[in-house]
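# Coordinates in review
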Amino acid sequence: MTWLFHNLSYVGELTWLHLLQSVLPVIIGTVVSIPVARFAAVRRSRGAEGAGGASRARAGKARRGTVVNAAALLYTIPSLALFVLLPLVLGTAITSLTNVIIALSLYVIAMMVRSCVDAFESVDAAVLDAATAVGYRPARRFWAVELPLSVPVMAAGLRVALVSNISMVSVGAVIGIQSLGTLFTDGLRRDFTTEIIVGIVLIALIAVVLDRLVALAAAVATRWQVRS
Amino acid sequence: MNVVEQTWNWFTDPASWGGSGGIWIRLAEHLGYTGMVLGISVVVAVPIGLWLGHTRRGGNVVIGLTGALRSLPTLGLLTLFALWIGIGLTAPVLALVILAVAPLLANAYAGVAAVDPAVVDAARAQGMKEWQILFTVEIPNAVPVLFGGIRNAALQIVATVTVMAYIDLGGLGRFLIDGLAVRDYSRMVASMLLAAVLALALDGILALVQRMLTSPGLVKEES
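Numbers given for residues are sequential positions, taken from 1 along each chain in its written order. Chains carry letters from A onward and ligands carry numbers from 1 onward, assigned in written order. For a predicted model such as this one, the threshold for reporting local features is a pLDDT of at least 70, and the threshold for listing and counting side-chain atom pairs is 80 or more; totals across whole chains, interfaces and linings nevertheless cover every residue. Hydrogen atoms and water are omitted, and side-chain values are computed over all heavy atoms in the structure.

Bringing the overall build of chain A into the picture now. Under the scheme used here, helices are H or I runs from DSSP no shorter than 4 residues and strands are E runs no shorter than 2 residues, and both carry numbers assigned from the N terminus. Looking only at helices and strands, chain A has 9 helices and 0 strands in total. Along chain A, helices and strands appear, N-terminal first, in the series α-α-α-α-α-α-α-α-α. Projecting the C-alpha coordinates of chain A onto the three principal axes gives extents of approximately 70 × 45 × 25 Å. Exposure classes here rest on a 1.4 Å probe applied to the protein chains alone. A residue is buried below 20% of its type maximum, exposed above 50%, and partly exposed in between. Counting only residues that meet the buried cut, chain A has 50% of its 228 residues in that class. Intrachain contacts of chain A at a sequence separation of at least 6 include 74% that bridge at least 24 residues. Contacts were defined at the residue level, with two residues in contact if any of their heavy atoms lie within 4.5 Å.

Further remarks concern the packing of aromatic side chains. Note on aromatic contacts: the rings of Phe and Tyr and the six-membered ring of Trp form a pair at centre separations within 6.5 Å, being stacked when their planes are under 30 degrees apart, edge-to-face when over 60 apart, and tilted otherwise. Taken as a whole and assessed by the stated rule, the structure comprises 9 aromatic pairs over all chains. Counting every residue linked through ring pairs, the aromatic cluster contains Trp-10, Phe-11, Trp-17, Trp-24 and Phe-175 of chain B. In this structure, Arg-38 of chain A packs its charged tip against the face of Phe-120 of chain A, placed 5.9 Å from the ring centre. For a lysine, the NZ atom is tested; for an arginine, the CZ atom; a charge sits over a ring if that atom is within 6 Å of the ring centre and within 35 degrees of the ring normal. Sitting above the plane of the Phe-39 of chain A ring, Arg-63 of chain A keeps its charged end 4.7 Å from the centroid.

UniProt positions are given in the numbering used here, feature names are shortened, and annotations may be inferred rather than shown by experiment. Taking the numbering used here, the UniProt-annotated feature "domain: ABC transmembrane type-1" (unreviewed entry) corresponds to residues 31–206 of chain B. Regarding residues 31–206 of chain B, the helix share stands at 82% and the strand share at 0%, and the terminal C-alpha atoms are separated by 14 Å.

On to helix α4 (residues 59–71) of chain B. Multiplying 1.5 Å by the residue count of a helix minus one yields the expected span of that helix. Taking 1.5 Å of rise per residue, the 13 residues of α4 of chain B would be expected to cover 18 Å, and the 19 Å separating its terminal C-alpha atoms lies within 8% of that figure. Along α4 of chain B, the positions that sit buried rather than exposed are Gly-59, Val-62, Thr-66, Leu-69 and Ser-71 of chain B.

This part is about the environment of Leu-20 of chain A. All names here are of chain A. For Leu-20, the position within the fold is in helix α2 (residues 8–40). On the accessibility criterion, Leu-20 (21% relative accessible area) is partly exposed. Residues Leu-20 and Ser-179, spaced 159 residues apart in sequence, show a C-alpha to C-alpha distance of 9.2 Å. Look past the residues within four positions of Leu-20 in its chain and what remains in contact with it is Pro-25, Leu-97 and Ile-101.

Moving on, we get to the packing of helix α8 (residues 130–160) of chain B against helix α10 (residues 185–213) of chain B. Residues and elements named next belong to chain B. Running from amino to carboxyl end, α8 crosses α10 at an angle of 165 degrees, the nearest separation of the two axes being 10 Å. Classified by the interaxial angle, the pair formed by α8 and α10 is roughly antiparallel. As for how α8 packs across α10, the hand of that crossing is right-handed. In this structure, α8 uses Val-143, Pro-144, Phe-147, Gly-148, Arg-151, Ala-154, Leu-155 and Val-158 to contact α10, whose residues at the interface are Leu-198, Ala-199, Leu-202, Asp-203, Leu-206, Ala-207, Val-209, Gln-210 and Leu-213. Axes here mean lines fitted to C-alpha atoms, for a helix over just the part in contact, with angles spanning 0 to 180 degrees between N-to-C directions. Here is the rule for angles: anything less than 35 degrees is roughly parallel, anything more than 145 is roughly antiparallel, 65 through 115 is roughly perpendicular, and the remaining ranges are oblique. Should the near helix be turned anticlockwise from the far one by less than a right angle, the crossing is left-handed, and should it be turned clockwise, the crossing is right-handed.

Time to look at the pattern of salt bridges. All names here are of chain A. Throughout this description, the term salt bridge denotes a Lys or Arg side-chain nitrogen within 4 Å of a carboxyl oxygen of Asp or Glu. In this structure the tally under the stated criterion is 14 salt bridges over all chains. Taking the shortest distance from any N to any O, the salt bridge between Arg-64 and Asp-118 comes out at 3.7 Å. Taken as a pair, Arg-64 in helix α3 (residues 53–76) and Asp-118 in helix α5 (residues 97–121) lie far apart in primary sequence, 54 residues in all. Of the charged contacts in the structure, one is a salt bridge between Asp-186 and Arg-190, with a shortest N-O distance of 3.1 Å. Taken as a pair, Asp-186 and Arg-190 lie in helix α8 (residues 181–190) at a separation of 4 residues, close to a single helical turn. Here Arg-190 falls in the partly exposed class, since its relative accessible area comes to 46%. Through salt bridges with shared partners, a single network forms among Arg-64, Arg-114, Asp-118 and Glu-121.

Residues and elements named next belong to chain B. A pocket, in this scheme, is an open set of points on a 1 Å grid over the protein atoms alone with protein on both sides within 12 Å along at least 5 of 7 lines, while a cavity is a set where a 1.4 Å probe fits but cannot get out; residues line either one if an atom lies within 4 Å of a point. Grid points are joined across faces, edges and corners, and a volume is the space filled by probe spheres set on the points. A complete count under the given rule lists 1 cavity of 30 Å³ or more for this structure. Taken as a whole, the largest cavity encloses approximately 30 Å³ of empty space. Lining of the largest cavity is provided by Leu-69, Leu-72, Thr-74, Leu-77, Ala-95, Ile-98 and Leu-99. Those elements that place two or more of their residues in the lining of the largest cavity are α5 (74–85) and α6 (90–113). Throughout this entry, Asp, Glu, Lys and Arg are counted as charged residues, while Ala, Val, Leu, Ile, Met, Phe, Trp, Tyr, Cys and Pro are counted as nonpolar. The remaining residues, Gly among them, count as polar. Its residues placed into classes, the lining of the largest cavity shows 6 nonpolar, 1 polar and no charged.

Among the buried residues, those of types Ala, Val, Leu, Ile, Met, Phe, Trp, Tyr and Cys that are joined through side-chain atoms within 4.5 Å form a nonpolar core. Core analysis: the largest hydrophobic core is formed by 126 residues, its most contacted members being Leu-80, Phe-83, Val-84, Phe-120 and Ile-175 of chain A together with Val-163 and Met-192 of chain B. Apart from the residues lying within four places of it in its own chain, the contact partners of Leu-80 of chain A are Val-171 and Ile-175 of chain A together with Thr-162, Val-163, Leu-176 and Met-192 of chain B. Core analysis: the next-biggest nonpolar cluster, separate from the first, contains 5 residues, Val-115, Ala-123, Ile-133 and Val-137 of chain B among them.

What follows is about the UniProt feature "transmembrane region" (unreviewed entry) in chain B. As annotated in UniProt, the feature "transmembrane region" (unreviewed entry) corresponds to residues 31–53, 74–102, 153–177 and 189–209 of chain B in the numbering used here. Each end of residues 189–209 of chain B is marked by a C-alpha atom, and these two atoms are 30 Å apart; helix forms 100% of the span and strand 0%.

Opposite the 37 residues of chain A that make contact, chain B presents 36 residues. Of all residues in chain A, Thr-76, Val-174 and Leu-188 of chain A give up the largest surface area on contact with chain B, accounting jointly for 20% of the area buried on that side. Joining chain A to chain B, the criterion identifies 0 salt bridges. Elements supplying a minimum of two residues to the side of chain A that touches chain B: α3, α4 (79–90), α7 (138–169), α8 and α9 (193–221) of chain A. For the side of chain A that touches chain B, the per-class residue count stands at 26 nonpolar, 8 polar and 3 charged. In short, buried area is how much 1.4 Å probe accessible area vanishes from two parts on joining, totalled over both.

Structure, rendered in structure tokens:
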């Protein structure tokens, strides 16, 4: 404990770096995933499609498959590998914040695209048709009906991505990227367990607090939901 | 000479592949660690998840526990256990098993609990015993979800085994740590390319196994 008080500013700075790497990629990843998923999502049970309905449905399914599989493929690549390989493409330094944020954003996209597709597909097609019937134009229908209705499933995926990302940030410490993970590598080098425990507790704390915040925000955004 | 060329040279140099610190040995170590951790995790988590799913109890506990496990940083556990338990395989294996248990437990539970209750009741009405229901009705129906958990766990393990080199063990991470120490970026790139290819191959093989194990009755719905 005394170690923590003597090193408050150091731990504070690492906490700030950790928060930055936890939150920014999740925001970027979500903002990218939503349009990609909307593009890929296939609306089921849409009555009369008119001429070419069947071939359009097949094209939609193929598009969904491509996007979801690409995300799954990206998810397969270890995060540490992304940290190291991305500079080849971007020309950044491995330990630069830009490189880390982009690598983690890619990882969040890999996790989020699937749940965003599921979220859009969870919206009842009849509700969307009803919105069109009462005069919603596509853009307004998306913002006022489709997006709000997909929030519950999306938020569940977001929470998993967020919590996974918070713990993943610390892995970067192995190759010298500063975060609370630095406490682990430093603690190991100095044979000092207190430092490691402080790191674990702080990371778990960040995960719990941010997870609750997202859950709360989702609940506020979906006031229409019946809660037991 | 740029990084891509250097990486290529490293790969084409026979000296990189053979010997006690060569690519083949590191690959074998990496796969060995991954297999061991996956095996232990499956034995620990899957039976519990299947049983809880069968009784349809403890759902909240499973969700809470897997959420809590997910928020624990594996690197933190790895370094902490390394200091507590000391050098050797026990510390990293323990840390990685804790990491892998979450998706296995959650998916085993969810897979079985999501089987249509009408199907389970029908089996019970036929006079099947509880263990028969679990093994011949619920588990076959749960294969896609259950295997999703196994694949997810395998991916997380194979990615995190890379970090084991940080506490002086082998695996493909060895090249990363050694390359970092001497500022040899091409060796780091090469090792991470290998790690990515290994993860892709492993996931591909598991996907094939999953397809073979999934009952044809479950696949039809998709097409």
